[in-house]
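# Breakdown of the fold
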Amino acid sequence: NAGVTQTPKFRILKIGQSMTLQCTQDMNHNYMYWYRQDPGMGLKLIYYSVGAGITDKGEVPNGYNVSRSTTEDFPLRLELAAPSQTSVYFCASRFQETQYFGPGTRLLVL
Amino acid sequence: GESVGLHLPTLSVQEGDNSIINCAYSNSASDYFIWYKQESGKGPQFIIDIRSNMDKRQGQRVTVLLNKTVKHLSLQIAATQPGDSAVYFCAEGSGGADGLTFGKGTHLIIQP
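What counts, and where the lines are drawn
Residues numbered from 1 in each chain as written. Chains lettered and ligands numbered in written order. Predicted model: local features only at pLDDT ≥ 70, side-chain atom pairs only at ≥ 80, totals over all residues. Heavy atoms only, no water. Helix = DSSP H or I, 4+ residues; strand = E, 2+ residues; numbered from the N terminus. Rg over C-alpha atoms; globule rule 2.2 N^0.38 Å. Phe/Tyr/Trp six-rings, centres within 6.5 Å; stacked < 30°, edge-to-face > 60°. Buried < 20%, exposed > 50% of the residue type's maximum accessible area, 1.4 Å probe, protein only. Lys NZ or Arg CZ within 6 Å of the ring centre and 35° of its normal. 1 Å grid on protein atoms, 1.4 Å probe; cavity = no way out; pocket = protein on both sides within 12 Å on 5 of 7 lines; lining within 4 Å. Points joined across faces, edges and corners; volume = space filled by probe spheres on them. Salt bridge = Lys/Arg side-chain N within 4 Å of Asp/Glu carboxyl O. Disulfide = S-S within 2.5 Å. Core = buried A, V, L, I, M, F, W, Y, C linked by side-chain atoms within 4.5 Å. Contact = heavy atoms within 4.5 Å.

Let us now look at the overall build of chain B. When helices and strands are tallied, chain B shows zero helices and 11 strands. Listed N to C, the secondary structure of chain B is β-β-β-β-β-β-β-β-β-β-β in terms of helices and strands. Radius of gyration (C-alpha) of chain B: 13 Å, near the 13 Å computed for a compact globule of 112 residues. Taken along its principal axes, the extent of the C-alpha atoms in chain B is 40 × 30 × 20 Å.

This part covers the packing of aromatic side chains. Within this structure, the stated rule accounts for nine aromatic pairs over all chains. Ring centres of B:Tyr36 and B:Phe102 lie 5.7 Å apart, and the angle between their planes is 40°; on these two criteria the pair is classed as tilted. Of this pair, B:Tyr36 sits in strand S4 (residues 32-38) while B:Phe102 sits in strand S10 (residues 101-102), placing them 66 residues apart in sequence. B:Phe102 carries the same exposure label as B:Tyr36, and that label is buried. Members of the aromatic cluster, joined through ring pairs, are A:Tyr33, A:Tyr35, A:Tyr48, A:Phe101, B:Tyr36 and B:Phe102. The positively charged end of A:Arg68 is found above the aromatic ring belonging to A:Phe74, 5.8 Å away from the centroid.

Okay, the layout of surface pockets next. Here the largest pocket defines a volume of roughly 550 Å³. A:Gln37, A:Arg106, B:Gln38, B:Glu39 and B:Gly41 are the residues nearest the centre of the largest pocket, which is lined by 28 residues in total. Elements with a minimum of two residues in the lining of the largest pocket: strand S9 (87-95) and strand S11 (105-109) of chain A together with strand S9 (86-93) and strand S11 (106-111) of chain B.

The next point concerns the pattern of salt bridges. Overall, the coordinates contain eight salt bridges over all chains when judged by the stated rule. Between A:Glu97 and B:Arg51 there is a salt bridge whose closest N-O contact spans 3.7 Å. Linking A:Glu97 in the loop between S9 and strand S10 (98-101) with B:Arg51 in strand S5 (residues 45-51), this pair reaches from one chain into another. Judged by its relative accessible area of 12%, A:Glu97 falls in the buried class. Taking the relative accessible area as the measure of exposure, B:Arg51 reaches 34% and is therefore partly exposed.

Residue and element names in this part refer to chain A. All chains considered together, the criterion is met by two disulfides over all chains. The disulfide bridge from Cys23 ends at Cys91, spanning 1.8 Å between sulfur atoms. Linking Cys23 and Cys91, the disulfide has an S-S dihedral of approximately -70° and is accordingly described as left-handed. Placement of Cys23 in strand S3 (residues 19-25) and of Cys91 in strand S9 is noted, with a sequence separation of 68 residues between them.

The biggest cluster of nonpolar side chains holds 20 residues, and the ones touching the most others in it are B:Trp35, B:Leu73, B:Leu75, B:Tyr88 and B:Leu108. Beyond its immediate sequence surroundings of up to four residues, B:Leu73 is in contact with B:Ile21, B:Asn22, B:Cys23, B:Phe33, B:Trp35, B:Ile50, B:Val64, B:Leu65, B:Leu66 and B:Cys90. Formed by 19 residues, the second largest nonpolar core is a distinct cluster that contains A:Ile46, A:Val66, A:Ala81 and A:Cys91.

The structure is reproduced here in C-alpha cells:
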C-alpha cells in the first residue's frame, strides 16, 4: 500500500489565485481529514469526511472547500488564496481511532 | 482553544539517555490518546496509542503513561538515538467523527 499520498509537494500562489490540493489513500478508509500546520504549531482541522459524499467543517474551514466523490480521494480547494493560507497542509485517513498522515503540501501565498 | 498541550517546547537529551515528553489534556471525555513523531519536512508518524481504560502501554523502546486523575500523558523513549530527533505531538480523541485534537508539540534534540 502507498498509504496516503498528497500532491503537489510545494506550491507558490499569488493572492487571489485558486488551486486544488490532492489527497489519495489506498487503504479503503472511510474517514479522511485535512489539517493545516503553521510554524511551531500543532495541527488544526480544516474539513473532514466520514465517507464518500459526506463532508463536514472542522475548526478552521473559512477559505476552503472539499469534496468526496470517492472513498479514495479527498481534494481540498482554495478559491481565492490569501497570505493567511500560507501553511503546510496535511491529509490523513483513519482506521479505528488512529489517523495516518500524508507527507504534506507546503503552500506559500505571496 | 486547545484541549491538549505540552509542558516544554524543546527537550534536549544526551544520546543513550532516556527521554520523557509530557502532555496535559483538559477534556475529561477523551478516551483515546496518541503520540505522533514528526521529522522535519514530513507528515506526523504514529508512534503509540493508549485508551483511557489503561494507564500504561509499551512498544518498542517507547512507553506511554496515562494519569487520568491529573489528566497527564507522557511518552518515554528508552536509550534515545539520533534518529529520535523530531517534534513529538500528543493528541486526544473521544471517538467523534472529527477525530483528534493536537497539542503544539515538543522538539526533541539529541546531543552526542
